[in-house]
Amino acid sequence: MTYNQYAGSPKLRTRLQAYLERGQGAPILLVGEAAGYRGARVSGIPFTSERQLSGAGPAEASATIVHRVLAELGLEDSVLLWNVVPTHPGTERSNRPPSRAEVDASSPFLHELASGRRVVAVGRLAQSALGAPYVRHPSHGGAAEFRAGLQKLLG
């Protein structure tokens, strides 16, 4: 079972709705694994930390790298960020891979978001869930490979 950061937070639901509306016309969908404990679990926006949105709160390394690379490649306005599982599997201080049941439960909305967009999987779980082209996840020393993969696929 995942932690649904949106269930008890009108602020996060409003923030997510505004984000999805702004990205409605984005031709590219970049899909990660799941909401991270310092990222979307707190901010409500995939691959985004609260610190990036408000200047306060936790920072998240992968979010920082993703946004930096998208800016460097001039893709910020062309990409909608999402996760295979938009809610947070894990605890307040840890992440865990989502279960097959969690992936399956999230699949209908993911496929709706992917419709009509070029989809890029960030990490192997996203690749297996979507069958989309893959780029290495930027965590654990993968920033350069993440950038090179995006540049090759989208540059």
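For the structure itself, look to the data block above.
To keep things clear, this report deals only with the structure shown in the data block. (Residues numbered from 1 in each chain as written. Predicted model: local features only at pLDDT ≥ 70, side-chain atom pairs only at ≥ 80, totals over all residues. Heavy atoms only, no water.)

1. A closer look at the overall build of the protein chain
Along the protein chain, the regular secondary structure elements total seven helices and six strands. Counted from the first residue to the last, the protein chain has its helices and strands arranged as α-β-α-α-α-β-β-β-α-β-α-β-α. Taken over the C-alpha trace, the protein chain has a radius of gyration of 14 Å; the compact-globule value for 155 residues is 15 Å, and the two agree within 12%. Judged by the C-alpha coordinates and their principal axes, the protein chain covers about 40 × 35 × 30 Å. The 155 residues of the protein chain split such that 46% are buried. By sequence separation, contacts in the protein chain at least 24 residues apart represent 64% of the contacts at least 6 residues apart. Approximately 7900 Å² of the protein chain is accessible, and the part contributed by carbon and sulfur atoms is 52%. (Helix = DSSP H or I, 4+ residues; strand = E, 2+ residues; numbered from the N terminus. Rg over C-alpha atoms; globule rule 2.2 N^0.38 Å. Buried < 20%, exposed > 50% of the residue type's maximum accessible area, 1.4 Å probe, protein only. Contact = heavy atoms within 4.5 Å. Areas by Shrake-Rupley, 256 points an atom, 1.4 Å probe, with all protein chains shown as cover.)

2. Some words on the environment of Val69
With respect to the element layout, Val69 can be found in helix α4 (residues 61-72). Exposure remark for Val69: the relative accessible area of 0% places this residue in the buried category. When the C-alpha positions of Val69 and Arg147 are compared, they lie 6.1 Å apart, and in sequence the two are 78 residues distant. If we ignore the near neighbours within four places in the chain, the residues touching Val69 are Phe146, Arg147 and Leu150.

3. Remarks on the side chain of Asn83
Along the chain, Asn83 falls in strand β2 (residues 79-85). We classify Asn83 as buried; its relative accessible area is 3%.

4. Re the pattern of salt bridges
Within the structure shown, the criterion is met by six salt bridges. Salt-bridge contacts for Glu72 lead to Arg147; the nearest nitrogen and oxygen are separated by 2.7 Å. You can see Glu72 sitting in helix α4 and its partner Arg147 sitting in helix α7 (residues 143-154), a full 75 residues away along the chain. Residue classification places Arg147 among the partly exposed residues on the basis of a relative accessible area of 26%. Note that Arg96 is salt-bridged to Glu102, the shortest N-O span being 2.8 Å. (Salt bridge = Lys/Arg side-chain N within 4 Å of Asp/Glu carboxyl O.)

5. Focus on α7
Across its 12 residues, α7 extends 16 Å between first and last C-alpha, which sits within 8% of the 16 Å expected from 1.5 Å per residue. Here the buried face of α7 lies against β1 (28-34), α4, β5 (118-122) and β6 (134-135). (Expected span 1.5 Å × (residues − 1).)

6. Some details on the side chain of Ser106
Residue position: Ser106 is located in helix α5 (residues 100-114). Residue classification places Ser106 among the buried positions, given a relative accessible area of 15%. Setting aside chain neighbours within four positions, we find Ser106 in contact with Val84, Val85 and Pro86.

Read these as layout, nothing more, since geometry by itself doesn't imply function.
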